[in-house]
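For reference, the chains in residue letters:
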Amino acid sequence: TFWWICSSVMLSILNIENLFKEHAIEVLDVVLWLVNLLLLFCAFQNLGFFVTQSGNQSDADLSEPLLGRKSGENARAGLCNASILSKVVFSWVNPLLKLGYTKALGLEDIPSVVPEDEADTAHQLFVHAWENLFREKDKNNNNSTKNLALWSLVRVHLKENILIAFYALIRTICVVVSPIILYAFVNYSNRSSTEKDLKDGLSILVWLIVTKVFESLSQRHWFFDSRRSGMKMRSALMVVVYQKQLRLSSPARMRHSAGEIVNYIAVDAYRMGETRCSAWASSFHNLWTAQCAICKGDTKVSVSVHVSTR
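An unreviewed UniProt entry annotates the chain as ABC transmembrane type-1 domain-containing protein of Stylosanthes scabra.

**Comments concerning the UniProt feature "transmembrane region" (unreviewed entry) in the chain**
Here the UniProt-annotated "transmembrane region" (unreviewed entry) positions come out as residues 30-51, 162-184 and 204-224. Secondary structure within residues 204-224 divides into 100% helix and 0% strand; the distance between the first and last C-alpha atoms comes to 30 Å.

**A short note on the packing of helix H5 (residues 119-139) against helix H6 (residues 148-189)**
One can describe the packing of H5 onto H6 by two numbers: an axis separation of 9 Å at closest approach and a directional angle of 120°. Here H6 runs oblique to H5, going by the angle between their axes. Crossing of H5 over H6 shows right-handed handedness. Facing Leu125, Phe126, Ala129, Trp130, Asn132, Leu133, Phe134, Glu136 and Lys137 of H5, the residues of H6 in contact are Leu148, Ala149, Trp151, Ser152, Leu153, Arg155 and Val156. Taken together, the residues of the contact of H5 with H6 sort by class into 11 nonpolar, 2 polar and 3 charged.

**Regarding the side chain of Lys232**
Within the secondary structure, Lys232 is located in helix H7 (residues 198-246). Judged by relative accessible area, Lys232 falls into the buried class, the value being 10%. Non-local contacts of Lys232, meaning those with residues more than four positions away in its chain, are made with Glu116, Asp117, Ala122, His157 and Glu160.

**Observations regarding the pattern of salt bridges**
On inspection of all chains with the given rule, the structure shows 7 salt bridges. With a shortest N-O distance of 3.8 Å, Asp117 and Lys232 are connected by a salt bridge. Placement of the pair is Asp117 in the loop between helix H4 (94-102) and H5 and Lys232 in helix H7, with a sequence separation of 115 residues. For the pair Asp117 and Lys232, one class covers both residues: buried. Where Lys212 meets Glu215, a salt bridge forms, and the shortest distance between an N and an O atom there is 3.4 Å. With a gap of 3 residues between them, Lys212 and Glu215 both fall in helix H7, about one helical turn apart. Through salt bridges that share partners, Glu116, Asp117, Glu160, Arg228 and Lys232 make up one connected network.

**Here's the deal with a nonpolar patch on the surface**
Side chains of Leu19, Ile25, Val30, Leu34 and Leu37 sit close together on the surface and give an oily, nonpolar patch of about 370 Å² of accessible area. Tracing the backbone shows Leu34 in helix H2 (residues 27-62).

**Topic: unusual backbone geometry**
Non-glycine residue Phe90 carries a positive phi angle of around 60°. Examined against the element boundaries, Phe90 turns out to sit in the loop between helix H3 (84-89) and H4. The class of Phe90 is buried, set by a relative accessible area of 17%.

**Focus: the nonpolar core**
Grouped burial of nonpolar side chains is what soluble globular proteins tend to show. If you look at the biggest cluster of nonpolar residues, it comprises 6 residues: Ala122, Phe126, Leu153, Met233, Ala236 and Leu237. Of all elements in the fold, only H5 and H7 reach the threshold of two or more residues within this core. Residue contributions to this core peak at 3 residues, all from H7. Setting aside anything within four residues of it in sequence, one finds Phe126 in contact with Ala149, Ser152, Leu153, Val156, Ala236, Leu237 and Val240.

**Quick word on the packing of aromatic side chains**
Considering all chains together, one arrives at 5 aromatic pairs under this definition. For the ring pair Phe90 and Phe224, a centre distance of 5.4 Å and an interplane angle of 80° mean the geometry is edge-to-face. With Phe90 in the loop between H3 and H4 and Phe224 in helix H7, this residue pair connects regions lying 134 residues apart in the sequence. Members of the aromatic cluster, joined through ring pairs, are Phe90, Trp92 and Phe224.

**Notes on the environment of Arg171**
For Arg171, the location among the structural elements is in helix H6. With residues near it in sequence (within four places) discarded, Arg171 still touches Glu215, Ser218, Gln219 and Trp222.

**Examining the confidence of the model for the chain**
When pLDDT is averaged along the chain, the result is 75; 75% of the residues meet or exceed 70. Scored below 50 in pLDDT, residues 49-60 shows 4 contacts in the model against residues more than four places distant or in partner chains. Predicted confidence is poor over residues 277-281, with pLDDT under 50, and the contacts of this stretch with residues over four places away or in other chains come to 12 contacts.

How each quantity is defined
- Residues numbered from 1 in each chain as written.
- Predicted model: local features only at pLDDT ≥ 70, side-chain atom pairs only at ≥ 80, totals over all residues.
- Heavy atoms only, no water.
- UniProt positions renumbered as here; feature names shortened; annotations may be inferred.
- Helix = DSSP H or I, 4+ residues; strand = E, 2+ residues; numbered from the N terminus.
- Axes fitted to C-alpha atoms, helices over the stretch in contact; angles between N-to-C directions.
- Parallel < 35°, antiparallel > 145°, perpendicular 65-115°, else oblique.
- Left-handed = near helix turned anticlockwise from the far one by under 90°.
- Contact = heavy atoms within 4.5 Å.
- Nonpolar A, V, L, I, M, F, W, Y, C, P; charged D, E, K, R; others polar.
- Buried < 20%, exposed > 50% of the residue type's maximum accessible area, 1.4 Å probe, protein only.
- Salt bridge = Lys/Arg side-chain N within 4 Å of Asp/Glu carboxyl O.
- Patch = residues over 30% accessible without salt bridge, like charges linked within 9 Å, V, L, I, M, F, W, Y side chains within 5 Å.
- Areas by Shrake-Rupley, 256 points an atom, 1.4 Å probe, with all protein chains shown as cover.
- Core = buried A, V, L, I, M, F, W, Y, C linked by side-chain atoms within 4.5 Å.
- Phe/Tyr/Trp six-rings, centres within 6.5 Å; stacked < 30°, edge-to-face > 60°.
- pLDDT = per-residue confidence, 0-100.

Right, dumping it as structure tokens:
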């Protein structure tokens, strides 16, 4: 808030000084001035919001009911009831963030997961794919059960991972294109005032904003959907290993100790999910997005060198 206030005040002083000296101002400077004034308004509103919340916090605590909410009252909130636009820009998280400003979040404040993300649903889909693969191997007289778990995961989560790969591709394209647009913007700003065309400057600015918006949204959807996919994989594998443990015979229990079974659930299944939902959430798709970025960068450099040597 303090940053936006200082920035808007300094820009306003600079523009007013230019108006008094030159009695004129460029259109781009007017647009930037209006944007900064809008940010200044949002900063004051944000500051007033915090003051209001801190002042009314005691009243909210006094009016809080003694009995907690019922367990099913907060079910199916958040992402489940979000609109398409809210899912695109992640605005469905705003009510949870606003509640987090007022108090420490408890378990009852966290919205429940959507039905397709529940462990039971992920387990049922995995078992269904497993049984279909097993029947297909029986029809083909193939008694090998090798890599059935891997191919079951591929069959269940292939579509959503194709969508994640599309987000990764969009983000990679935007990362490569952004320096080109910035280079064009620098060349435009270095022109003399007689050579500058307002339409060219506005078009470069619009393309730069659009590229950054697509880069930001695609990266966030890439990370978020990667975590969702990894969470479902991990949940399905943990349930399958646990149910298999309950059906083990006595000779099988002698071959697999309790520590090994716990290791299957706590380590192997967890790592399987972490390859899809790690902290960077991009280790799985970096294998091919890095190659695409290198190829596009080499093409851009070769084209630039070819143009400059003409």
